[in-house]
Amino acid sequence: MGDTKQLKITLGPVPYLWDGEKWRDFYYRIAESGHVDAVTLGEVVCSKRDHFTQPFLPQVVERLEMAGKSVALASLALVTQEREIKATRKRAESGALIEANDLSSLRLLSGRPHLVGPFVNVYNGATARLLARKGATRICLGPELPAASIAAITADAPDIDYEIIAFGRMPLAISARCAHARAKGHSKDNCQFVCREEPDGLDVDTLDGQAFLTINGVQTMSRHCQVLLGALPRLAEIGITHLRLSPQDCDMAAVAALYAQVRDGLMDADEGVAKLREIYSGAVFANGFMHGQPGMNWIAA
C-alpha cells in the first residue's frame, strides 16, 4: 500500500462566480487552515468574471503566502478574444508560478517552471515527459482517468509530481457559448452575470428527469461530486503526490481537515465519507472513473 502521509493537499481555483468579498473571505479562511499545502488562484472559466475578484487578488496572495502556502495563478481554459490573449501573455510574463490550462499558455511558459492544470489532456507518459522537458513541475491529471491509466503515466514519466481531483464536481468541457446565460434567456455578450445566482452551479436534468450535469457559465461539470477518500492508499501507490480539492459552496477548510485526517490514518474512509456528507449536504458523491466505471457510479471503500 502507498504511504498516504506523503500526499500533499492542494486547493484548485474557485470555478464559480462568487462576489469578490465572498471570494476573498473564502481564501482568508483557507489561509488559516493548517491542512492545505498549496493553492491555485485565478479565473479559469470565463474572463468576464475577472473584475469581481481582481481587486482582491494581491491581498489574497499575500495572506496565503504569509500563511506558508505555495501559491500559483491559473490561466484561462479557453482563450478566444484579443483581450484574453493579452491577459494570458501578461500573466505568463508576470514572474509568478503559473498553472497552464490551455496550450497557448504552455507555449508562453516553455522553459520556465510551471504547473499543468486538468484542462490540458495528458493521457500517456510521452506527453507527461514532453511537458516536463518544457518546464512542468506538476501535472493535474484529468478526473476521467482510471487508476490503471494513472499508474501507466506515472511509471512512464516518474520524474514529476502528479495531482488528481480528489474532491469536487468534475470539469468535463468548456464551450465558446454560454449555456448558463442561454438557460436564463440571455446571450453570452449580455449575460448579466446570471451565473452568480448559482454559487455551486446550475443543475440540469435529462428530458426524462434524470439528474445529469451541472452548468457553470461556459463550463459543463459533473452533477456528482468526485470523492476519492477511499482511494488514498491506491493513489499514493500509483504515483499521485498531490490531492486537489476543487472548491464547492461549502466549508472547504473542513473538507481539507477531513482529507488530512483520513490521509494520516486518524479516521477511516467510511467515517470520512459520512462526515463529508454532513459538510456538503445534498451533494451526490461519485468515484466511478477511478475504478474504470461510469464517472457517476459510487464504489464503496
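For clarity, every value in this text was computed on a predicted model and none was experimentally measured.

Draft legend 1. Broad picture of the overall build of the chain. When its secondary structure is counted, the chain shows eleven helices and twelve strands. Expected size for 301 residues packed as a compact globule is a radius of gyration near 19 Å; at 18 Å, the chain falls within 12% of this value. The buried share of the chain, reckoned over its 301 residues, is 53%. Contacts in the chain between residues far apart in sequence, at least 24 positions, make up 66% of those at least 6 positions apart. For the chain, the accessible area works out to roughly 13300 Å², and carbon and sulfur atoms hold 51% of it. Taking the average location of the 32 positive side-chain charges in the chain and that of its 35 negative ones, the two points are 6 Å from each other.

Draft legend 2. The pattern of salt bridges, seen in detail. Evaluation of the coordinates by the stated rule reveals 17 salt bridges. With a closest N to O distance of 3.7 Å, Glu43 and Arg49 form a salt bridge. Take Glu43: its relative accessible area is 9%, and that puts it in the buried class. Residue Arg223 pairs with Asp205 through a salt bridge whose shortest N-O separation is 2.6 Å. Taken together, the positions of Arg223 in strand 10 (residues 219–227) and Asp205 in strand 8 (residues 202–205) put the pair 18 residues apart, joining distant regions of the chain. Arg223 gets classed as buried once you look at its relative accessible area, which sits at 14%. Through salt bridges that share partners, Arg169, Asp200, Asp203, Asp205 and Arg223 make up one connected network.

Draft legend 3. Spatial organisation of helix 1 (residues 20–32). Here helix 1 spans 19 Å end to end across 13 residues, near enough to the 18 Å set by a 1.5 Å rise per residue. Where helix 1 is concerned, the buried positions are Gly20, Trp23, Phe26, Tyr27, Tyr28, Ile30 and Ala31. The inward-facing, buried residues of helix 1 abut strand 1 (8–11), strand 2 (38–41), helix 2 (50–53), helix 3 (57–66) and helix 10 (252–263).

Draft legend 4. Structural detail: the nonpolar core. Core analysis: the biggest nonpolar cluster contains 75 residues, and Tyr27, Leu41, Leu141, Phe167, Leu235 and Tyr259 have the highest contact counts within it. Ranked by the residues each element gives to this core, the list is headed by helix 10, at eight residues. Cys46, Cys178, Ala181 and Cys191 belong to the second-largest nonpolar core, a separate cluster that totals seven residues.

Thresholds, definitions, all that
Residues numbered from 1 in each chain as written. Predicted model: local features only at pLDDT ≥ 70, side-chain atom pairs only at ≥ 80, totals over all residues. Heavy atoms only, no water. Helix = DSSP H or I, 4+ residues; strand = E, 2+ residues; numbered from the N terminus. Rg over C-alpha atoms; globule rule 2.2 N^0.38 Å. Buried < 20%, exposed > 50% of the residue type's maximum accessible area, 1.4 Å probe, protein only. Contact = heavy atoms within 4.5 Å. Areas by Shrake-Rupley, 256 points an atom, 1.4 Å probe, with all protein chains shown as cover. Lys, Arg positive; Asp, Glu negative; His and termini not counted. Charge placed at Lys NZ, Arg CZ, Asp CG, Glu CD. Salt bridge = Lys/Arg side-chain N within 4 Å of Asp/Glu carboxyl O. Expected span 1.5 Å × (residues − 1). Core = buried A, V, L, I, M, F, W, Y, C linked by side-chain atoms within 4.5 Å.

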